[in-house]
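Structural overview for review
Each chain, written out:
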Amino acid sequence: MKVLLLEDDPILSDIMYDHLDDKAYNVILCSNGEEALECIDETNFDLFIFDINVPMKNGIEVLQTARDYQKNTPTILITAYQDIEHLKNGFVAGCDDYIKKPFELEELDHRIENIKRKFNIEVDQSIKIGQNISFDFEKHTLKKEGHLHKLSQKECQILNYFLNNQKRVISNDELIQNIWEFDEMPSNATLRVYIKNLRVILGHDKIQTIRGLGYSFE
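Everything quoted here is computed from the prediction, not taken from an experiment. (Residues numbered from 1 in each chain as written. Predicted model: local features only at pLDDT ≥ 70, side-chain atom pairs only at ≥ 80, totals over all residues. Heavy atoms only, no water.)

1. Side note on the overall build of the protein chain
Assigned secondary structure in the protein chain consists of 8 helices and 11 strands. Dimensions along the principal axes, computed over C-alpha positions, put the protein chain at roughly 65 × 40 × 25 Å. Scored against the burial criterion, the 218 residues of the protein chain give a buried share of 43%. Looking at the protein chain alone, contacts between residues at least 24 apart form 52% of all its contacts between residues at least 6 apart. If you sum the accessible surface of the protein chain, you get close to 12,500 Å²; carbon and sulfur atoms cover 45% of it. Once the 25 positive and 38 negative side-chain charges of the protein chain are each reduced to a mean point, those two points are 10 Å apart. (Helix = DSSP H or I, 4+ residues; strand = E, 2+ residues; numbered from the N terminus. Buried < 20%, exposed > 50% of the residue type's maximum accessible area, 1.4 Å probe, protein only. Contact = heavy atoms within 4.5 Å. Areas by Shrake-Rupley, 256 points an atom, 1.4 Å probe, with all protein chains shown as cover. Lys, Arg positive; Asp, Glu negative; His and termini not counted. Charge placed at Lys NZ, Arg CZ, Asp CG, Glu CD.)

2. So, the packing of aromatic side chains
Any two aromatic rings considered together are summarised by their centre-to-centre distance and by the angle between their planes. In total, this model carries 7 aromatic pairs according to the counting rule given. Ring geometry for Phe 45 against Phe 48: centres 6.1 Å apart, planes inclined by 55°, an arrangement best described as tilted. On the basis of relative accessible area, Phe 48 is assigned to the buried category, the value being 1%. (Phe/Tyr/Trp six-rings, centres within 6.5 Å; stacked < 30°, edge-to-face > 60°.)

3. Side note on the nonpolar core
Counting 24 residues, the largest nonpolar core has Leu 142, Ile 158, Leu 159, Phe 162, Leu 175 and Leu 202 as its most contacted members. At the level of secondary structure, the elements contributing two or more residues to this core comprise strand E7 (133-136), helix H6 (153-164), helix H7 (172-179), helix H8 (188-202) and strand E11 (214-217). The greatest single-element share of this core, amounting to 6 residues, is contributed by H6. Counting residues in each nonpolar core, the second largest holds 20 residues, with Cys 39, Phe 50, Ile 52 and Val 54 among its members. (Core = buried A, V, L, I, M, F, W, Y, C linked by side-chain atoms within 4.5 Å.)

4. Comments concerning the environment of Asn 114
Mapped onto the elements of the fold, Asn 114 is located in helix H5 (residues 105-119). Distance from Asn 114 to Asp 97, taken between C-alpha atoms, is 9.5 Å for residues 17 residues apart in sequence.

Shown next, in the form of structure tokens:
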């Protein structure tokens, strides 16, 4: 599970980072709101843990901005504030849980486990697409013969489109129009690179080239 931790207190952030790392979570640590927003823009996370009182943009402002970009990542807010107003503002901004300082790490564990159950995090959602090959669209991964391969976003979308349109010929134009925005249309050469990358993992027999027409996924 990939976690974005926003905490500027150096002692608490080290304690929380080490604890979550020991739990085998993939943790990215940020110490201010602007840094956190850059991470959110570049990476998909399974969970946000935001302290409210951090520099540049506070945790609630970071969460509001993330929600504006349709980031529905479940979020736990942490605060030393004891008033109801910050609690209310946190939930209005879209947080899913709230922890008041000081807190025990065991309490954090229980709240994370509750979030995981509620949002089905780390539930295996992969689908089998061949012998010893499985695909997880949400995690952008292909697993073949026990080896995990990370896909780019476009490779993932192309493969998903093939899976939803199996055993029919799909033209270059159809793939491009259904996957790319109008102002970012790629060349046919770029599309062929993505197809080639998928074939390296899947094998050439999975994606057949139909000369002059396009591709067929078997």
